[in-house]
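Coordinates in review
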Amino acid sequence: MIYPEVKRVLRLQASLTGLAVVVALLASAGNPTTGLSALLGGLVVLGPALLYARIAYAKRHVAPAVLIKAHFLAEAVKFCLTVLLSGAVLASFKDLSVVGFLGGFFAATSGYGFGLLIKN
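First, a word on scope: everything that follows refers to the structure included in this document. Just so it is clear, the structure is predicted and the values come from calculations on it, not from any experiment.

**Some words on the overall build of the protein**
On a plain count of helices and strands, the protein comes out with four helices and zero strands. Order of helices (α) and strands (β) in the protein, N terminus to C terminus: α-α-α-α. The principal-axis extents of the C-alpha atoms in the protein amount to approximately 55 × 35 × 20 Å. The long-range share in the protein, meaning contacts at least 24 apart out of those at least 6 apart in sequence, stands at 71%.

See the structure below:
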């Protein structure tokens with residue numbers, strides 16, 4: 001189970017990724033490669049973030065030391081997966097728009113910070 005606060009941050013990241021795709025499409029005059037690049041950038045953040053939530057919040061009502069270890073493990077997995085997915089996307093898609101990819105990536109990543117500031 002994922003806590004409502006975590007779901008809120010993940011939804012915010014998905015929304016910001018969608019916004020980045022729309023902005024990329026508008027800025028590139030409808031070039032689908034740029035929109036796809038922004039989408040891939042957002043997914044590179046969203047996938048590991050979802051896995052982080054699954055790992056970090058899998059254990060409930062355990063000692064604080066166990067919770068801290070779970071969060072450290074989740075962060076290590078998230079970091080490694082983000083690096084691997086970024087490398088795979090950059091290596092696999094030769095027509096990738098790097099600006100679109102980074103726009104989607106940073107839009108989704110900003111969801112972490114905005115999630116702390118915005119209360120629903």
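**So, the nonpolar core**
One finds Leu40, Val44, Val45, Val89, Leu96, Phe101, Phe105 and Ala108 forming the largest nonpolar core, which totals eight residues. Sorting the residues of this core by element identifies α2 (32-56) and α4 (98-117) as the ones contributing at least two each. Apart from residues lying up to four places away in sequence, Val89 is in contact with Leu40, Val44, Leu96 and Phe101. Of all hydrophobic cores here, the second largest spans five residues; its members include Ile2, Leu10, Ala49 and Ala53.

**A word on the packing of aromatic side chains**
Tallied over the entire structure, the rule returns three aromatic pairs. Residues Tyr3 and Tyr57 carry aromatic rings whose centres are separated by 5.3 Å and whose planes lie at 80° to one another, so their mutual orientation is edge-to-face. Of the two residues, Tyr3 is situated in the segment before α1 (4-27) and Tyr57 in the loop between α2 and α3 (64-92); the sequence distance between them amounts to 54 residues. A relative accessible area of 27% places Tyr3 in the partly exposed class. What makes Tyr57 partly exposed here is its relative accessible area of 23%. Chaining the aromatic ring pairs together yields one cluster made of Phe101, Phe105 and Phe106. Directly above the ring of Tyr52 sits Lys78, whose terminal nitrogen or CZ lies 5.4 Å from the centroid.

Criteria and cut-off values
- Residues numbered from 1 in each chain as written.
- Predicted model: local features only at pLDDT ≥ 70, side-chain atom pairs only at ≥ 80, totals over all residues.
- Heavy atoms only, no water.
- Helix = DSSP H or I, 4+ residues; strand = E, 2+ residues; numbered from the N terminus.
- Contact = heavy atoms within 4.5 Å.
- Core = buried A, V, L, I, M, F, W, Y, C linked by side-chain atoms within 4.5 Å.
- Buried < 20%, exposed > 50% of the residue type's maximum accessible area, 1.4 Å probe, protein only.
- Phe/Tyr/Trp six-rings, centres within 6.5 Å; stacked < 30°, edge-to-face > 60°.
- Lys NZ or Arg CZ within 6 Å of the ring centre and 35° of its normal.

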